[in-house]
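Chain by chain, the residues:
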Amino acid sequence: MKKINLDYTAAAPLDSRVVDKMIPYFSEHYGNPSSGHLLGEEPRRALVQAREEVARLVGGDPSGVIFTASASESNNLAIKGLAAAARKKGTHIISSAVEHFSVLNVLKTLGKEGFRVTLLPVDSDGFVSPEALREAITDETILVSIQAANPEIGTIQPLKELVAVAREKGVPFHSDAAAAAGWIPIDVEELGLDLVSLAADQFYGPKGAAALYIRKGIRLRPLIEGGIQERGLRAGTENVPLAVGMGEAAKIARETMKERTVETAALRDKLKEALFEGVPYLHLNGHPEQRLPHNLNVSVQFVEGEALLMRLNMAGILVSSGSSCTSQALKSSHVLNAIGLPPELAQGSLLLTLGPGSKHEDIPYVVEQLKQVAELLRSMSPLYHQYLKEGNRNAPVQ
Amino acid sequence: MPQYSDKVMEHFTNPRNIGEISEADGTGEVGNPVCGDMMKFTITVKDNRIEDVKYLTFGCGAAIAVSSMVSEMAKGKTLEEALQITNKQVAEELGGLPGNKMHCSNLGADALHKAIEDYMAKEKAQS
C-alpha cells in the first residue's frame, strides 16, 4: 500500500546524522553537565557546542540560547516571562490574530490577569500591517509578539518592517519562528529581534527539543524555578541528548538551507500547479510567493476537510485539514477565519507540507486521487448540487 | 482524526442511498457550513410508508456515515415508526460515535424527521 506523507510539519523523521550524534549521550556520556567531576566534562562540552549551533542558526550569541522542551514552552516563557518582569513598565501587549495557540492562549490568560492585549488583524493573504502595528503601540506597550511565518497557510510576515516599527518605539519584539526556522533565514541581528522561539522537530531534529533565543539585556522571569541551569531561566537537569540533537539539526538546516529550500519550493510549486490543473474548484490559502517553501494550503470547494482527509488516507495520502470536524474543539481554523475565508471554504481546507520523502513521481497519483475524492464527495454535497442548480450564487473564489 | 467504529468506516466508505429525489414528497434540511455539517433528506411516501429516501451531505466522516445509516433505517418504515428513530439509536446502530461527534447523529435523525414533517404538512394542506 502506498504511503505518501504530505503532513511533514506534524512530524518528520529525524535526519540519521542527528540520531547518530545523539546516541552516545544517552548511555556512554550520560553524565550531568553540572557535575564538577570527569563525568560532567563531555556532556558539558556537547551542550556548549549545541548551544553554539542553535545560536548560529539565528545569527545570535550562544549565551542567549535557552533550551526548552517545545516551542509552546518557549512562547510561554517569552511572553509570560517578559510580562511578569516588565509589569511595572506597562501592561499592554500586541500580537496578531493568526498566532499559534501557545501564544494566543497565553495572551488570553494574561488578559484575565490585568494585561491589555491587542490582536492585530491580517489581510486576506495573512500579512500583519506594519502601519497597524505602529498605530497600536502606546506608552504602555511592553511587548510585540508576531510569528515569523504561519504554520498553516505558510505566509511569511514582513518581520524586518514590523520589528523596525517596534524598535522605533523602544518596544521589545518576540517572534514565534517555530514554523520558519530552518526554512527561511532568521537573523536576530539583521532583523533586530529580541526573543525568538524555535523547535527542532520542524527542521528534522528531535521532538521535545526547542529553544528560546533571548537578546542580551532582555529580562524575563522564569516559569520553572529551581537550580541555575539555563542561566536560571529554566531550572532542571539539562536534557543533553535532545540538546545535542537540536544542535546537529540546526547545523544541518543552516548548511543545507539554500539548496533544500529552493528544491522544496520547486516541488511544492509543481504540486500546486498540477493540483490546480487537475482538480476543479480549488482555492489557494496564503500568499502565493511570500510563503514557506514546504507549505501548500488549498480549500476544496463544496466538501468538508475531515471527509477529504479520511478518503485520502484510504488512498495512502496523508494530509491535515483546518476543518472544524478535525479539531477536538469543533472550531474551524482561527487562521482561515482571520484571513476572511468563507466558512464553507475553511471547512474544506487541506494542509499539505513537504519533507525529505517528497518526490516528483508522486504528484500524478496525488492529483488523480484528490480529483476522484473531490468528485465523489461533491456528488453527495448539497452545496455542490445547489451550485450546479443556481450557478454563480456561491461562485468559487478562484 | 477520531477513532471511528468499523461500522462507521464501512458506511463512510460505501454510503448508501446518496442523491436527491427530484419529485420528493418531503424535504428536510439541517445544519450549515459554519458548524461544518449540512444534510438534505428527500423522501417519497406510499401507503403511509417511506418508499424511498435519499440524502446529500456536506460534512465529516461521522456525518456521512450517519446519513447513510439513517437512510437505511428509515426505508420501508411507516411514518410513525420513522419518526420514532432517535439519535441514540442511530449512534448505536453505527457501533457508537466519538463523544464530540454525537451531534452528527442528531443532525441525521433531525433531517429525516423534518422531511417527514414536511410531507405531513403538505398532506394536511391538501386535505
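Just so it is clear, the model here is predicted, and its values are computed rather than measured.

Participant: I tried to follow the sheet that holds strand β6 (residues 173–176) of chain A on my own but got confused; where do I start?
Facilitator: Within a beta sheet, neighbouring strands are joined by backbone hydrogen bonds and run either parallel or antiparallel to one another. All names here are of chain A. On the basis of which strands lie adjacent, the open sheet formed by seven strands has the order β2-β8-β7-β6-β5-β3-β4 and mixed pairing. The sheet is open, and its two borders are formed by β2 (65–68) and β4 (116–120), each paired with just one other strand. Averaged over neighbouring strand pairs, the angle between their axes works out to 20° when direction is ignored. Bridge count for β6 against strand β7 (residues 195–199) is three bridges, and the pairing is parallel. The residue of β7 that forms the bridge with D176 is S197.

Participant: I keep staring at the interface of chain B and chain A and nothing clicks. Help me out?
Facilitator: Interfaces are often sized by the amount of accessible area the parts lose when they come together. Taken together, the contact pairs 28 residues of chain B with 26 residues of chain A. Summed over both sides, the interface of chain B with chain A buries roughly 2,200 Å², with 69% coming from carbon and sulfur. At the junction of chain B with chain A, the criterion picks out two salt bridges. Summed over the shared surface of chain B and chain A, the result is 10 residue pairs in polar contact (both at pLDDT 80 or more). Of all the secondary-structure elements, those providing two or more residues to the side of chain B that touches chain A are α1 (6–13), β2 (37–46), β3 (49–58) and α2 (61–74) of chain B. Split by residue class, the side of chain B that touches chain A holds 16 nonpolar, eight polar and four charged.

Participant: Explain the sheet that holds β2 of chain B to me, please; I cannot follow it from the model alone.
Facilitator: All names here are of chain B. One open sheet holds the three strands; their spatial order is β1-β2-β3, and the pairing between them is antiparallel. This sheet does not close on itself; its edge strands, each paired only once, are β1 (26–32) and β3. Sheet twist, expressed as the mean angle between neighbouring strand axes with direction ignored, is 15°.

Conventions used here
Residues numbered from 1 in each chain as written. Chains lettered and ligands numbered in written order. Predicted model: local features only at pLDDT ≥ 70, side-chain atom pairs only at ≥ 80, totals over all residues. Heavy atoms only, no water. Pairing = 2+ DSSP bridges. Helix = DSSP H or I, 4+ residues; strand = E, 2+ residues; numbered from the N terminus. Axes fitted to C-alpha atoms, helices over the stretch in contact; angles between N-to-C directions. Contact = heavy atoms within 4.5 Å. Buried area = accessible area lost by both parts, 1.4 Å probe. Salt bridge = Lys/Arg side-chain N within 4 Å of Asp/Glu carboxyl O. Polar contact = N/O pair within 3.5 Å; in protein donor to acceptor, adjacent residues only side chain to side chain. Nonpolar A, V, L, I, M, F, W, Y, C, P; charged D, E, K, R; others polar.

Fair warning: the whole summary comes from geometry, so function is off the table for now.
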